[in-house]
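Spelled out, the chains give:
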Amino acid sequence: MARIELTEIQKSWGAVQGVRDVNIDIADEEFIVFLGPSGCGKTTTMRMIAGLEDPSEGRIVMDGEVMNDIDARDRDVAMVFQGYALYPNMTIYENIRFPLRMRGVPRDQHDAKVRRAAEFVELTDYLDRKPGALSGGQRQRAALARAIVRQPQVFLMDEPLSNLDAKLRQAMRVQIKHIQRELKITTVYVTHDQIEAMTLADRIVIMENGAIQQIGTPDQIYNDPANTFVASFIGSPPMNLIEGKLENGAFRAPGIEVANLPTRHSGAVTLGIRPEDCTVAGGSPHLSGTVYGVEPTGDLTYLTVKAGEKLIEVKASREYRASMNKPETVTFDLSRLYLFDTTTGQRLS
Amino acid sequence: MTSQRKKAKGESLTLRYLILGGWALFCLAPVLWFLSIGLRPRTEIITAQPIYFPSFSLDAWHMIWEDWPMAAYLRNSIAAIIGSVIIDLVLAIPAAYSLSRFSYKGRDDIGFYILSTRMMAPAIVAVPIFFLFRNFGLLDTIWALMLIYAAINLSFVTWIIRSYMLDIPKELEDAAKTDGAGEIRILWEIIIPAVLPGIITASVIAMIFAINEFLFTLLIASTPDAYTMSVALSNFTGGSDGVIYNAIALVAFLAFVPVFLVVVAIQKHLSRGLTMGALKG
Ligand SMILES: Nc1ncnc2c1ncn2[C@@H]1O[C@H](COP(=O)(O)OP(=O)(O)OP(=O)(O)O)[C@@H](O)[C@H]1O
Ligand SMILES: [Mg+2]
């Protein structure tokens, strides 16, 4: 229920720069996911949206109103904190009820709302306990329940599922998406989990070192990575990035040769190819090397091929087996090749 | 084999209790001795011959309640101590919150300054304090005692509570803020409950200091209007009757019992509080 615009946001503590040049325009009702390695500034950005941290520079606008000088308690956001931040002296019930009391929700609605939120995170049996008597995952769910118990303008969720087992995480993920759609609440969500990011997000924001690397839909991020960082961050296993030379439309690296590439570029380039776009053997192979490792996972087999000094990941069929050091060839799907400038890492069109 | 081990374990437990019991007896011996002196006739206490079967007497008991205004002393002590602890908490909690949460210029200096009030000998300020209270017409009142006890204890009460507050993660307050709570609410509903063990610890230590305070009480109190137990003790010495040992012992014991009970009741908090307060800040 709110549009959030971050313009030229900088955040530094003395010499430490946590966040730089952040520009995001989050649409009303949008589900935005921040994805990036540890320490890249996700939590800091979120705290600035919440009003818990003042940006050193830049503007935060919500629904047309400049929020920079508005106190956290006067911004209508609900946040799930990375460290849960449950009130230790209150029971889980009182924890979940706290925002209702503070925001002046009529008393007769409290019980129903608290129970609904607890049900949602499957914690109804633990309402009488204090946070200290819960497991990490239960605490995390209590923190989630406290955030969703009321209907704020904005949800901010900092890795709300990081401590749950795979099954519960999957269930919670579906639930979060469902209430976000149902209540139409603008949501900013931080995660380390790519699957979570891809499945939940309307748009993904990839950050590194305090700066945004790319903003786009999950499809755009996956299919059109803006640079080598994004390309190597998304996908599992990540995209193969092969440094080599491009001359007259032919790319060469030890053990690898790809012809018929655009002739616009030349010189030192990095070729990117995802493991799922590689085929073992094939008609006219682009790579010849030796088998370095074979990892059957059940539904497919991860094959690592060594070409020159470079290790290339390939997703092979589930039947594929090969012994170590056996010569092997790989064909790339030429329509799914990416070229990057080796020095800047930027994508070449 | 297992029964043997069980037996050995039982034995070691008995041994442990024996040792601890012996130690407790050793520590409590002076207290029990006090009590026994307090409950014997006066003649039996000052005799030179050892007495193997002491006789029991409530002479001292009657004396302190009937001949002396012991009830008033007790009331004065309790009122002055409780009042001083309340004053301390009302002042120390906001001060500690400010010192632990907000950063402002000179904060650490203020913190050190508060602590430094404990560093000088109290006698240095005795005379100025006497004149101060005289000018305010507070001499020989329990209000003066409340104020002076509160002043003596304020610094370390603030310090202990502050060290507890430093342990509260900042995220907790951030969460309360985003949930819509104001500063006063946060202090009252989040911070104070979280530092309650520290508040209890600080209060008990303040009580113990206050109950033992002698110098300033003697200075301020001159009639039973303001005499406390600690000063009353000195009333049983001197005078035409000489030193009345059994009454002294009984009063000392009576002063000891409430503190002892409070400490036992909260000892779990206390030991944690003492070490934490010692290690932090
Ligand atoms: N209060 C602070 N003072 C100084 N530096 C800080 C402060 N808070 C964060 N930083 C720095 O800012 C950077 C970004 O931190 P942030 O917490 O936003 O990372 P993050 O992306 O959330 O990481 P993670 O995934 O590990 O939670 C880090 O390098 C961190 O050390
Ligand atoms: Mg973080």
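Quick caveat, the model's predicted, so the values are computed rather than measured.

Parameters and conventions
- Residues numbered from 1 in each chain as written.
- Chains lettered and ligands numbered in written order.
- Predicted model: local features only at pLDDT ≥ 70, side-chain atom pairs only at ≥ 80, totals over all residues.
- Heavy atoms only, no water.
- Contact = heavy atoms within 4.5 Å.
- Buried area = accessible area lost by both parts, 1.4 Å probe.
- Salt bridge = Lys/Arg side-chain N within 4 Å of Asp/Glu carboxyl O.
- Polar contact = N/O pair within 3.5 Å; in protein donor to acceptor, adjacent residues only side chain to side chain.
- Helix = DSSP H or I, 4+ residues; strand = E, 2+ residues; numbered from the N terminus.
- Donors = N, O, S within 2.8 Å, 3.2 Å for Na, K, Ca; no water.
- Buried < 20%, exposed > 50% of the residue type's maximum accessible area, 1.4 Å probe, protein only.
- Near = heavy atom within 4 Å.
- Areas by Shrake-Rupley, 256 points an atom, 1.4 Å probe, with all protein chains shown as cover.
- Nonpolar A, V, L, I, M, F, W, Y, C, P; charged D, E, K, R; others polar.
- Phe/Tyr/Trp six-rings, centres within 6.5 Å; stacked < 30°, edge-to-face > 60°.
- Lys NZ or Arg CZ within 6 Å of the ring centre and 35° of its normal.

1. As for the interface of chain B and chain A
Between chain B and chain A, the contact holds 17 residues from the first and 24 residues from the second. Counting the surface chain B buries against chain A, the share from its top three residues, Glu171, Thr178 and Asp179 of chain B, is 37%. Across the contact surface, chain B and chain A share four salt bridges. In this structure, Arg47 of chain A and Asp174 of chain B form a salt bridge, with 2.9 Å as the shortest nitrogen-oxygen distance. For the pair chain B and chain A, the interface holds ten residue pairs in polar contact (both at pLDDT 80 or more). Among the elements of the structure, helix H8 (170-178) and helix H9 (183-194) of chain B are those that each provide at least two residues to the side of chain B that touches chain A. Counting residues per element, the side of chain B that touches chain A draws most heavily on H8 of chain B, at eight residues.

2. Remarks on the coordination of the magnesium ion (ligand 2)
Residues and elements named next belong to chain A. Taken together, the protein ligands of the magnesium ion (ligand 2) are Thr43 (OG1) and Gln82 (OE1), with distances of 1.9 to 2.3 Å. A residue pair is termed long-range when its members are at least 10 positions apart, and Thr43 in helix H1 (residues 42-50) and Gln82 in the loop between strand E6 (77-80) and helix H2 (92-102) qualify at 39 residues. The exposure class of Thr43 is partly exposed, given its relative accessible area of 23%.

3. Section: the site of ligand 1
Residue and element names in this part refer to chain A. Near ligand 1 there are 13 residues, and of these Ser38, Gly39, Lys42, Thr43 and Thr44 occur at the shortest range. Thr44 has a polar side-chain atom sitting 2.5 Å from an oxygen atom of ligand 1. Protein contact buries 63% of the 640 Å² of open area that ligand 1 shows by itself. For the shell around ligand 1, the elements supplying multiple residues, two or more each, are strand E2 (16-26) and H1. Residue contributions to the shell around ligand 1 peak at three residues, all from H1. Tallied by class, residues from the shell around ligand 1 come to three nonpolar, eight polar and two charged.

4. Regarding the packing of aromatic side chains
Here the structure, examined in full by the defined rule, presents twelve aromatic pairs over all chains. Ring geometry for Phe156 of chain B versus Phe209 of chain B: centroids 5.3 Å apart, planes at 85°, classification edge-to-face. Here Phe209 of chain B lies in helix H10 (residues 196-212) and Phe156 of chain B lies in helix H7 (residues 142-166), a separation of 53 residues in the sequence. The exposure class of Phe209 of chain B is partly exposed, given its relative accessible area of 37%. An aromatic cluster is present here, built from Phe253, Phe256 and Phe260 of chain B joined pairwise through their rings. Note that Arg274 of chain A overlies the ring of Tyr222 of chain A, its terminal NZ or CZ placed 4.1 Å from the centroid. We note Arg162 of chain B situated over the ring of Trp159 of chain B; from NZ or CZ to the ring centre the distance is 4.5 Å.

5. Looking at the pattern of salt bridges
Tallying each qualifying case throughout the model produces 23 salt bridges over all chains. Glu53 of chain A serves as the salt-bridge partner of Arg47 of chain A, at 2.9 Å between the closest nitrogen and oxygen. Of the two residues examined, Arg47 of chain A and Glu53 of chain A, each falls in the buried class. The salt bridge partner of Glu189 of chain B is Arg185 of chain B, with a shortest N-O separation of 2.6 Å. Pair noted here: Glu189 of chain B and Arg185 of chain B are both in helix H9, with a separation of four residues, about one helical turn. For Glu189 of chain B, a relative accessible area of 14% gives the class buried.

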